[in-house]
Amino acid sequence: MALRKVKGNLERMFDKNLTDLVRGIRNNKDIEMKYITQCMEEIKAELRQDNVAVKANAVAKLTYLQMLGYDISWAGFNIIEVMSSPKFTYKRIGYLAASQCFHQDTEVLMLTTNMIRKDLNSQNMYDAGTALTGLSCFISNDLARDLANDVMTLLSSTKPYIRKKAVLLMYKVFLKYPEALRPAFPRLKEKLEDPDPGVQSAAVNVICELARKNPKNYLSLAPVFFKLMTSSTNNWMLIKIIKLFGALTPLEPRLGKKLIEPLTNLIHSTTAMSLLYECINTVIAVLISISSGMPNHTASIQLCVQKLRILIEDSDQNLKYLGLLAMSKILQSHPKSVQTHKDLVLQCLDDKDESIRLRALDLLYGMVSRKNVMEIVRKLMTHMDKAEGSNYRDELLQKIILICSQNNYQLITNFEWYISVLVELCRMEGTQHGCLIARQLLDVAIRVSAVREFTVGQMALLLENANVVMGPTTVRSSIAEVLYAAAWICGEFSQLLSNPLSSLESLLSHKVISLPGYIQGVFIQNVFKIYARIVITAEEEEDKETIEEVTNLLLERLPHFTSSGDIEVQERATCLMQLVNSIQKGIQNCEKFSLELQELFAGEMNPVAPKAQKKVPIPEGLDLDGWINTPPSSDLDDDADDKEFFGNAFKKDLFTKAESNGDNSRKDSKEISEDELQKRREARKLEQANNPYYVKVSSATHSPKFQKHDNDFDNIPVTPLNLNVPLKLAGMTSVDKYLIVEGRQSKKHKKHKKNKKHHQASSSEEDVPDTLLVNRDIGEMPEGASVSDEEDVDTRPLDDPHRALDIDLDIPLSPTEKIPTRSHRESSNINNKVPIEENIMTSNIKTDIEKKSKKKMKGKKESKLTKEKRKRSKNVEKSSDQCNELEKEAEEKIIDNYLNNKSDASQSKSKELTNLELLLLEDNNNGLQQENGDSVHPPVEEIIEEKKSLDPVDKNKKKKEKKAKKEKKSKRSGRKESFKQYEEIESPKEYEDFKEEKLPNMKSLTQNSDIKVNYHASFEHPCTDLFIGFEITNQIMNGNIGDLSLAVQCLQSLQLMTQNSSDSILITPELSAMSSTIKQLRFQVDDDSIPLKLRGTFSYKLVLDILTSEGNLSVVELVEETASLYGQSLRHHHICLLAKMKSKSLYVDGKSDNSTLLANALDHLKQEFHRL
Amino acid sequence: MQFMLLFSRQGKLRLQKWYVAHPDKVKKKITRELITTILARKPKMSSFLEWKDLKIVYKRYASLYFCCAIEQDDNELLTLEVIHRYVELLDKYFGSVCELDIIFNFEKAYFMLDELLVGGEVCETSKKNVLKAIAAQDLLQEVSYGDSPYEI
């Protein structure tokens, strides 16, 4: 041993310390990986040594490597070892390593509970401090539950240093263990008035954090905080308090009114920007929450805006950013006051910092008016051209559309301009917002009928030049979505097409095949619409040639699509193909189709409200989930249908997100309800064939304008260029054009102004009259449904811990509500007190234990005996020591049980008191030891030691040797419990009942986490016989209790009547989980006029006890029927077992860093169980 | 506060403290993303950026970037103040701190941070108190070293 020590010390001198490691890494930059791998090996070797100093050094180095990104989770056990060192130096390092690499799901954490508890309660305040800080980083649900009480106790520590940290840790505890909140809250509240400002501030921090997430539960604290706010000068705390008020005011407007004054005072007086900013934020929140009617309402808004302007004008980018951020909050409630600072915002749009520009963009939204919308949008578009990152460009694009479309296009006076803007936006490279543009195009085309013709013209152009618009990067860009809109608009309003034939051709171009399937589907559908239009027109004009030409074109091109891989494209194309085929035949027979074709697409197209489809009521008797026909073996057909209606993401998008657009499945709910189920399938097929996008032929079809455009577009050269850079297309309008026009108009306007002054006076400048009729309805809705019925839902994600903290704190605490002291665990704690430490302790500490264990000679003798017998290691003592402690602690519990027995006349004429004091010594260790002394052994520690080459003699032997095995039955000891019970047995009737198995009026006698004992006592004739019935319930969820027996210490005046003379009565050999048994005992009472005390002991065994005792494992965690156990061999081989109780059989799964040890341990346990 | 990172201009992580548990993989990913984002920002830019649902507050001191992630309604300026307070503390402790001090005494830097912040909340605002606590613990550490330099 001594040699080993010396050797260890010598080795240590050559160990790398942390500085060496850091230096080494810096010196070996080129071969860092290699160097670190080498260091890791060294560290692993160091960790195998017994010297804590060496281990701590290794762990410190690991912590550094962890930061560099190396995985050190394998060293969890070693970290815990170092944490458990009594020396602060090492403890500190251990906790640091733990806080860096443990997290709530770290498995070894379950071993730390008792160690941390010990540290928390340490005399040294820095031990506790270190534990508190460490815990805050890796607290898990279990740790929170088990340590909540300890942390709460620290709230009243005498040292502010500890109090402060404990308060802050409580927040983490609440997050992990919400049940602790209510019992702990009163204490926390007290801390708001703590004499130490640090503690006070910490309490404010915690309550503020809690209240921000669930403000309504903390309203009652407002007065306390108000007082703090007005009295404190600590800015750190003030900021938190003010933030708290910001969260509270929306719930209580009266509070807001009260706050305004002190807050404005603070705004005026403070020099701290952070405080100023917080005040402004809260004032804004207050002002949003309280409606007008405040006298100095505008004054405070003005003050805020003024202060914010100062922030924005500041050269510090941070203040500028925050200023804009806060400004946008004001904008929502008081746009007018912000609008006066438009110059500032526009200025910020040119800022170098993108984040500032983005913030300015947010503000711009509220600053746009009808007058300046064109100017601002142009400015944004030039920004877009200049912008570098596609992110910012997308953001700009989105903002442009947002600005223009706000309030149903309230700001747009010239829709042709807007359409041109949208078309121009299509040319933005690689944008992600193709969908957004497409939606806008559809929306405007539907809502603004006056601009339709123009839109259709633009869309036809887009289609013809699709390849140019999209460029070769089609695949990635979402701009193809625009073609979806374009195709639909051209088809739906085909009567407005200047050259339907060329549009038809572009829709059928072979390049279309490269588009996504759902877009192709729309193309085909609209091909049909345009085709129908051409046929109708041609028939009217008796132009047979055109009909034949178009029909042939379709028949020629459609086969491309009928062979498409996309099911929808295929189906639509095939449908259309069949129709065209039959039309062709008809034409040859000189039939006319215009009427039929017209019918197909008849109907007015109106905007549809966003949620309209969702709100269509499901007709009675319609089961949407049920099969219409029994599914065929291959359900290909149904798949296609599904896809048609639900499978298309884009379409769904259109329904749910778009403000409104064409309802593409014009479902008539009434019709469906009347239809028979079988017919519905056919109807749906028909519906698919019928294009839903159609507006009935209007008189506008043949307007003279139609001809005018014809000429322009004929001249467009179709140039299929493969260029990256989108080209400007001839014929497509440019946005700038409108600005010039607008300019001219305004000039004209001015000229007119003088002449028509009286006209101008009537209409305000802002109010440019609507030149176009815009359908600004919310859109069509099914009857009886309203748009606004939305449920108020908690938007927080389900796993947000704050959800669970939504707890009412004003309800007074009920006595049952307290942080569990974990009686179950505590009782076993006596057993496995500081298990890790003790297991980790190496031989040098054992002597210590030996001394301790001398206190209890008996146990020691016993263990010594076995030791000799089995050559077991000294670790036994440790275990027996535990056992001894247990015995001491498991002191007798007294249940004073006064039975005030109102006896009836037959017993005695006078009222007699029979006081029985039942003293139950519950499951005392001794009880069982006496009973089956043979099987009582000290705990087993199974150690397989790989003998090291320290001893030269042993070198040859170097074999694995089972060093020792010890066994001991250690019992789950009952916790010290004492309670008194006074009770009255009211009626003599109970005698009769008593003879039956069921006992009516059971009184609770005692219980622990394992068993519950109820009893009932009564007198039998003759009155000297006392019957006491016990009902014992096994409270363990899934574990049997074995060998349950009761030992009664008989008194002279109170004799137990039994058949055998043994001291204890076996109540039941086995009591299965959650079941109970009843045992009746008869006592003979000599004199019933004196108080008697009856003592008894219940003892029982548990499966878990066998596990823990036989394997010398300590219980780490116990969850219902599952238990995890941990132990360590002398050679520091870790072993973990997971025991599960499943339908009466026990499953044990183990893990160890030494597989032989594990195998042997499992074998041993198996044997033990068989033996039992 | 959700986490704090310290990294050099070269993108080397010097210190990391997580107040919200993430698996190592996620931590590494977040760290990498943030370092690249922040290093890409120009010096004249503001210290705040929005990142996922968090706000990132960072500040550069000499060659080191101090970066904190806070929640949406946290106060950015206060966070900057915390960072500054921390830098001041390091400065006082090491005596005009430089990156090397933090590299070689990274554990001290952590201890200091632990005194300043507990569970992501400000614990002690007084520099004096923090330094006092650290000094006391250092003393304690030395004493236990002094006891037995090579204890077993």
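Keep in mind that this is a model prediction, so the values were computed, not measured.

Procedures and definitions
- Residue numbers here run from 1 along each chain, matching the order of that chain's written sequence.
- Numbering of ligands from 1 and lettering of chains from A proceed in the order in which they are written.
- Owing to the predicted nature of the model, reporting of local features is limited to residues with pLDDT of at least 70; listing and counting of side-chain atom pairs is limited to 80 or more, with chain, interface and lining totals taken over all residues.
- Values shown for side chains rest on all heavy atoms present in the structure; no hydrogens or waters enter the calculation.
- Secondary structure elements follow DSSP: runs of H or I no shorter than four residues count as helices, runs of E no shorter than two count as strands, and numbering proceeds from the N terminus.
- When a residue's accessible area, from a 1.4 Å probe over protein chains only, is under 20% of the maximum for its type it is buried; when over 50% it is exposed; and in between it is partly exposed.
- Two residues qualify as a contact provided that any one of their heavy atoms is within 4.5 Å of a heavy atom in the partner residue.
- Only the protein chains shown count as cover for residues, with accessible areas throughout obtained via the Shrake-Rupley method and a probe of 1.4 Å.
- Throughout this description, the term salt bridge denotes a Lys or Arg side-chain nitrogen within 4 Å of a carboxyl oxygen of Asp or Glu.
- Points on a 1 Å grid, built from protein atoms alone, make a cavity when a 1.4 Å probe fits but cannot get out and make a pocket when they are open with protein on both sides within 12 Å along at least 5 of 7 lines; residues with an atom within 4 Å of a point are the lining residues.
- Grid points are joined across faces, edges and corners, and a volume is the space filled by probe spheres set on the points.
- Classification used: nonpolar for Ala, Val, Leu, Ile, Met, Phe, Trp, Tyr, Cys and Pro, charged for Asp, Glu, Lys and Arg, polar for all others including Gly.
- Working rule for helices: expected span equals 1.5 Å times residues minus one.
- Cysteine sulfur atoms are paired as a disulfide whenever they fall within 2.5 Å.
- Accessible area that two parts lose when put together, with a 1.4 Å probe and added across both, is what the buried area reports.
- Polar contact is defined as a pair of N or O atoms within 3.5 Å, subject to the rule that within protein one atom must be able to donate a hydrogen and the other to accept it, and that residues adjacent in sequence are counted only when both atoms are side-chain atoms.
- Patches in this entry comprise residues that are over 30% relatively accessible and not in a salt bridge; like charges within 9 Å are linked, as are nonpolar side chains (Val, Leu, Ile, Met, Phe, Trp, Tyr) within 5 Å.
- Here Asp and Glu are counted as negative and Lys and Arg as positive; His is not counted, and neither are the chain ends.
- Lys charges are placed at NZ, Arg charges at CZ, Asp charges at CG and Glu charges at CD.
- With axes taken as lines fitted to C-alpha atoms, and helix axes fitted only over the stretch in contact, angles between N-to-C directions fall between 0 and 180 degrees.
- Each angle receives one of four descriptions, namely roughly parallel if under 35 degrees, roughly antiparallel if over 145, roughly perpendicular if within 65 to 115, and oblique otherwise.
- Take the far helix as the reference: if the near one is turned anticlockwise from it by less than a right angle, the crossing is left-handed, and if turned clockwise, right-handed.
- Classification of ring pairs uses Phe, Tyr and Trp, with its six-membered ring standing for Trp, and accepts pairs whose centres are within 6.5 Å; under 30 degrees between planes counts as stacked, over 60 as edge-to-face, and the remaining range as tilted.
- To qualify as a nonpolar core, a set must consist of buried Ala, Val, Leu, Ile, Met, Phe, Trp, Tyr and Cys residues joined through side-chain atoms within 4.5 Å.
- Known as pLDDT, the predictor's per-residue confidence is scaled from 0 to 100.

The secondary structure content of chain A amounts to 51 helices and 17 strands. Considering chain A as a whole, with its 1172 residues, one finds that 55% of them fall into the buried category. The long-range fraction of contacts in chain A, counting pairs at least 24 apart against all pairs at least 6 apart in sequence, stands at 72%. When the accessible surface of chain A is summed, it comes to about 54,300 Å², and 51% of that surface belongs to carbon and sulfur atoms.

Applying the stated criterion to the full structure yields 39 salt bridges over all chains. Residue Arg359 of chain A pairs with Glu50 of chain B through a salt bridge whose shortest N-O separation is 3.4 Å. Taken together, the positions of Arg359 of chain A in helix H21 (residues 354–364) and Glu50 of chain B in strand S3 (residues 48–51) put the pair across two chains. We note a salt bridge from Glu568 of chain A to Arg572 of chain A, for which the minimum N-O separation is 3.0 Å. Of this pair, Glu568 of chain A and Arg572 of chain A are both found in helix H32 (residues 567–588), four residues apart, which corresponds to roughly one turn of the helix. For the pair Glu568 of chain A and Arg572 of chain A, a shared accessibility class is recorded, and that class is buried. Because the salt bridges share partners, they merge into one network encompassing Glu209, Arg212 and Lys240 of chain A together with Asp73, Asp74 and Glu121 of chain B.

Once that is clear, we can look at empty space enclosed by the protein. Evaluation of the coordinates by the stated rule reveals 13 cavities of 30 Å³ or more. By volume, the second largest cavity amounts to about 160 Å³. Residue lining of the second largest cavity: 14 residues in total, with Lys240 of chain A together with Met1, Leu78, Thr79 and Gly120 of chain B positioned closest to the centre. For the lining of the second largest cavity, the secondary-structure elements that each account for two or more residues are helix H14 (235–248) of chain A together with helix H2 (76–94) and strand S7 (121–122) of chain B. No other element matches the three residues that H2 of chain B contributes to the lining of the second largest cavity. The class makeup of the residues in the lining of the second largest cavity is six nonpolar, three polar and five charged.

So, about helix H6 (residues 88–101) of chain A. If you check H6 of chain A, its first and last C-alpha atoms are 20 Å apart, about what 14 residues at 1.5 Å a residue would give, namely 20 Å. Counted residue by residue, H6 of chain A has 14 buried out of 14 residues, so it is predominantly covered.

With that settled, consider the state of the cysteines. All names here are of chain B. For the structure on display, the rule yields zero disulfides over all chains. Free of any disulfide, Cys68 has its nearest cysteine sulfur in Cys67, 6.6 Å distant. For Cys68, a relative accessible area of 0% gives the class buried.

Quick look at the interface of chain A and chain B now. Counting residues at the interface gives 66 residues for chain A and 63 residues for chain B. Of all residues in chain A, Met67, Arg92 and Trp236 of chain A bury the most surface against chain B, accounting for 14% of the area lost on that side. On the surface where chain A and chain B come into contact, there are nine salt bridges. In this structure, Lys164 of chain A and Glu124 of chain B form a salt bridge, with 2.5 Å as the shortest nitrogen-oxygen distance. At the boundary of chain A and chain B, one finds 22 residue pairs in polar contact (both at pLDDT 80 or more). Looking at the side of chain A that touches chain B residue by residue, the classes come out as 23 nonpolar, 22 polar and 21 charged.

It is worth spelling out a negative patch on the surface at this point. Together, Glu505, Glu545, Glu548 and Glu549 of chain A make up a negatively charged patch on the protein surface. It is helix H31 (residues 544–562) of chain A that provides the largest number of residues to the negative patch, a total of three residues.

Turning our eyes to something else, we now look at the packing of helix H30 (residues 517–540) of chain A against H32 of chain A. Helices that pack against each other are described as a pair by the angle of their axes relative to one another and the distance between those axes. Residues and elements named next belong to chain A. Following both chains from N to C, one finds H30 and H32 inclined at 20 degrees, their axes separated by 8 Å at the closest point. Considering their axes alone, H30 and H32 lie roughly parallel with respect to each other. Classified by chirality, the crossing of H32 by H30 is left-handed. Residues Gly517, Gln520, Gly521, Ile524, Gln525, Val527, Phe528 and Tyr531 of H30 touch H32, and the partners they reach there are Val569, Arg572, Ala573, Leu576, Leu579, Val580 and Ile583. Per-class residue counts for the contact of H30 with H32 are 10 nonpolar, four polar and one charged.

This part covers the packing of aromatic side chains. Inspection of every chain in the model, using the stated rule, returns 19 aromatic pairs over all chains. Between Tyr409 of chain A and Tyr418 of chain A the ring centres are 5.9 Å apart and the planes differ by 55 degrees, which places this aromatic pair in the tilted class. Each member of the pair Tyr409 of chain A and Tyr418 of chain A is classed as buried. Taking the centre distance of 6.3 Å and the plane angle of 45 degrees together, the rings of Tyr58 of chain B and Tyr65 of chain B count as tilted.

The next subject is the nonpolar core. Buried together is how nonpolar side chains tend to be arranged in soluble globular proteins. The biggest cluster of nonpolar side chains holds 301 residues, and the ones touching the most others in it are Tyr418 of chain A together with Tyr86 of chain B. A per-element tally of this core places H30 of chain A first, with 14 residues. Formed by eight residues, the second largest nonpolar core is a distinct cluster that contains Ala1139, Leu1158, Ala1161 and Leu1165 of chain A.

This paragraph deals with the environment of Met112 of chain B. All names here are of chain B. The residue Met112 is located in helix H4 (residues 106–116) in this model. Remark: the alpha-carbon pair of Met112 and Leu89, spanning 23 residues in sequence, is separated by 7.6 Å. Not counting chain neighbours up to four residues away, the residues in contact with Met112 comprise Tyr86, Leu89, Leu90, Tyr93, Val130, Leu131 and Ile134.

The next point concerns the confidence of the model for chain B. Residues and elements named next belong to chain B. Looking at chain B, the pLDDT average stands at 85 and 93% of residues meet or exceed 70. The secondary structure element of chain B with the lowest average pLDDT is helix H5 (residues 127–147), at 77, and the one with the highest is strand S5 (residues 64–70), at 93. Considering only residues more than four positions removed or in separate chains, one finds that residues 146–152, a stretch of pLDDT under 50, has 13 contacts.

It is worth spelling out the environment of Pro186 of chain A at this point. If you trace the backbone, Pro186 of chain A turns up in helix H11 (residues 181–190). With 627 residues separating them along the chain, Pro186 of chain A and Leu813 of chain A place their C-alpha atoms 9.5 Å apart.

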